[in-house]
Amino acid sequence: MTSIRVIQLKKYFGKVKAVDNISFEVKEGEFMALLGPSGCGKTTTLLTLAGIYKPTSGEIYFGDYLVNDVQPRDRNIGMVFQSYALYPHMSVYENISFPLKAKGSKKKDFHEKVLGIAEKLGIGHLLDRKPSEISGGQQQRVALARALIKEPQIFLLDEPLSNLDARLRVLMRAEIKKLQNDLKITTVYVTHDQVEALTMADRIAVFSNGKIMQIGNPDEIYNRPHNLFVAQFIGNPPMNFIEAEIKEIEGSTFATSEHFRIRISDTLKPYLKNLNSPEVIVGIRPEDVKIYENEELNKDLTEGILYVIEPLGRDEIYNVKVGDTILKVITEERLKVEVGKRVYCGFDAEKVHIFDRESEISIRR
Amino acid sequence: MMKEYRLTFWQMKKEKITKAVIISILIVITLPIMLTYAWLILASFSTDMKYGIIPVKFTLHNWRFLWKSIEGYPPIWRVFFNTLVLALSVMGLEVFATILGGYALSRFKFRLRETLLKTVLVIHAFPSISLLVAIYYILKITGLIDTLTGVILLKASLEIPWGIWIMKGFYDQIPWEVEFAGLVDGYSRIQVWWKVILPLVKPGIAVAGIFSFLSGWSEFVFINTFILSQNTWTLSTYVKAIIGDFRFVDYGLLTSVSLFYIIPTIVFFVFANKYLLRVNITGTKG
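Conventions used here
Residues numbered from 1 in each chain as written. Chains lettered and ligands numbered in written order. Predicted model: local features only at pLDDT ≥ 70, side-chain atom pairs only at ≥ 80, totals over all residues. Helix = DSSP H or I, 4+ residues; strand = E, 2+ residues; numbered from the N terminus. Rg over C-alpha atoms; globule rule 2.2 N^0.38 Å. Contact = placed C-beta atoms within 7 Å. Domains from an automatic or database assignment. Nonpolar A, V, L, I, M, F, W, Y, C, P; charged D, E, K, R; others polar. Buried ≥ 20, exposed ≤ 12 C-beta atoms within 10 Å, placed from the backbone. Pairing = 2+ DSSP bridges.

**Observations regarding the overall build of chain B**
For chain B, the helix and strand inventory stands at eleven helices and two strands. The C-alpha atoms of chain B give a radius of gyration of 25 Å, which is well past the 19 Å a tight globule of 286 residues would have. Residue pairs in contact within chain B that sit at least 24 positions apart in sequence constitute 74% of those at least 6 positions apart.

**Thoughts on the domain arrangement of chain B**
Residues and elements named next belong to chain B. One can read the domain layout of chain B as domain 1 (9–59) and domain 2 (64–282). Taken over C-alpha atoms, the centre of domain 1 sits 32 Å from the centre of domain 2. Considering only residue class, the side of domain 1 that touches domain 2 consists of three nonpolar, one polar and no charged.

**Thoughts on helix α1 (residues 42–50) of chain A**
All names here are of chain A. Along α1, nine of the nine residues are buried, which leaves the element largely enclosed by surrounding structure. Residues of α1 that are buried include every one of K42, T43, T44, T45, L46, L47, T48, L49 and A50, and no others. One or two residues past the end of α1 sits G51, with phi positive at roughly 90°.

**Thoughts on the interface of chain A and chain B**
When the parts of a complex come together, some accessible area is lost, and that lost area is often taken as the interface size. Residue-level contacts link 16 residues of chain A with 14 residues of chain B. Ranked by residues supplied to the side of chain A that touches chain B, first place goes to helix α2 (residues 92–102) of chain A with three residues. Each residue belonging to the side of chain A that touches chain B can be placed in one class, and the counts come to twelve nonpolar, two polar and two charged.

**Some details on the pairing of strand β11 (residues 240–249) of chain A**
Residues in a regular strand point their side chains to alternate faces of the sheet. Residue and element names in this part refer to chain A. Bridging between β11 and strand β14 (residues 279–284) involves six bridges; their strand directions are antiparallel. Across the sheet, I242 pairs through a bridge with V282, a residue of β14. Inspection of the sheet shows β11 paired to strand β12 (residues 252–256) by five bridges, in the antiparallel sense. Within β12, the position partnered with E245 by the bridge is T256. Where β11 hands over to β12, the hairpin turn is made up of two residues, of which E250 adopts a positive phi near 50°.

**Some thoughts on the pairing of strand β9 (residues 203–208) of chain A**
Residue and element names in this part refer to chain A. Buried residues dominate β9, accounting for five of its six residues. Inspection of the sheet shows strand β3 (residues 31–35) paired to β9 by four bridges, in the parallel sense. By the bridge assignment for β9, L34 is matched with A205. Relative to strand β10 (residues 211–216), β9 runs antiparallel, the two being bridged by five bridges. Counterpart to V206 in the pairing with β10 is Q214. Count of turn residues in the β9/β10 antiparallel hairpin: two residues, of which N209 carries a positive phi of about 50°.

Dropping the structure here:
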C-alpha cells in the first residue's frame, strides 16, 4: 500500500502534448478515477505511472520514493488493460502465475496462491484453458487475477470494462469495487464512462486535452462542476445551457435572455463578483427543472412548447422548446400534456450553475 | 396452387459447368509440369525409356549412386552433407538475424527507420548475379573463396533483408499491450521478447526458416561460381556436372539424382504447409 504523488507531469510525443502539466495525488488505499473523452491523455498518464512511458518532465512519487527512472518491473504494480493483454500461448494458470515466476518462485510455493485467487474470482475451473477458449468476462477475471496475484502496492486499470457487454459491465463494476474495498489497494482507474467513475471512485480527475479540469469526489464533480467542460461532460442526459446576461430587475438579480428569466438565489449572489462581465452561461441539470401544466402565481416560470417525450421506464425526459433552445427535463411525474402544447418550466434556483462566458469557469470556484 | 419456377438448363447446371470449366483449364496449365515430374519418377526406375517416354523395365540401377561412388564424381553422401550444411547454416543465420532485426524495425522508433525499410526492399530486389564480380573480389580478399563458409555468408546476407520484412510483419500484429503487460509483470524488455513475443511469432520464424532453408538447398549460381574443388560440391553442382558430362549423359542417373535432390524440398513443404498458408493470410505490413 502506498500513495501516489504526481507533480507537474508532462508527456509529449513529438509536438503532441499528450499530458500537459498535471498534478494530482492519490492517497493510500484510495480509488481514483481518471475520466475523460478518448485522446485526452488519461491512458498516457496511466502508462507513465506504470513506467512504460518516461515523463518528458515532472515527478512521480510512490510514497516517498521518486520513481521517474524506476523500471516497470521494479515498481510493484498490477495492471489490467482494455484488451486484457493475456498471453495467448499460455494457459490461464500460466498467465496468472507469470508475474510470480518473474520473482523466481517455484511452482510448489505459488500453486496454492494461484488456486486461491482463481477461486476467489470464479475462474478455478478454467485453469487449463487457453485465453482464446474462454469468454470475454472470464478473460477479464484472468487479467484481474494476474494483476493482483503478486499483491502489488498499486493497482492500475485501463478501461477494463469497455470490452464487456452492458449487463456484464454492471456486474463487474460492483465486483471490482468490492475487490478494491477488500484489498484496500491504492487504485487508479482510467475510464471514459462517467457512470463507472461516479459509481466506483472515491475521487475523480476529469481530463480534457492533456489537462486536468477538476479533481473531486463524485458529489463535487456532479454538483459543483468547476467549469463548462466538466458540466457538459458529466451527467446523462447532459446539463441544459442557456446564454444569458446578469441583470437587476426590481431589486432582484436575474440571468435573462430573450426567452428566459432565471432568478439568482441569495446563496449564489455573493459569487457574482467573480464575473468579468455580465455575459454568462447558465447551466441547469434536467432533474432540477420542474414542468407545470399551468402558469402559477409567484413563480418565475419560463414558457415553452412541449416538443418530444422520451420515456425511460421509471423516468421520462420531456423536451421543451423555448425560443430556439431545447430544454431537457427529467422527472418521475407523468404530465397530462400533449406534445405541441404549452408548458411552463421552473428552475430550482439553488441548483443553477453560472459560468463566465469568456473563461468558461464557474463563479463558485 | 404453388407457383412453379421454371429454370433453364443453364440456370440449373450453372455451378457445375463453371466448376468443370475451371478445373479443365487448371489441368491444361499444370499438365506440362505434372508430366515432367511423372517422367522423372518413371525414368529413374526404368532401364530405358521407349521413344523417350515409355518405361521399359523396372530397375534400381540408376540409384546405385546411393551406395557406391560413381567414377569421376565425389561420394554422394559428402555432397548431400555439404548441401545440408549450407541450407541449415543459411537458415540458422537468417532466423537469428531476422528475429532480432524484425523486432527492432517493428518496435523501435529511430531516425532513418523508413529509409532503412525501403533500402532493405531495394537490396532484396537486386539480381544477385550482377554482383558476382564484386563478390568474387571480396571473397578472394577475405580468403573465403572455394569455401562453403563464404557461400553461406553470402547467401545469408542476401536472404536476410527479405526475412526481416517477413518477421516485421508478424511482430507488427502483436499488440503493444501484451508487451506492456509483460513489463508490468516483472520482466525486462529482453525477457518479455524471449518469453512472450517470440512464442507468438513462431509462424513467422517457421516461414523465414523454411524459405531460407529451401533457398540454401537449391542454391546454384554462387556454388557454381565460387566453389571449385569437388570436396565442397553441393547437390546442385552434382546434378549440373552429370548434365554437362563430357563423356555421355547418363539419363537414368540424372533422373534419380534429380529426384533425390527434390525429396527434402517435398518433405519440407508437407510439414510447413500450415505456416506457409499463414503468411498469405496475415501478409506483411509496412
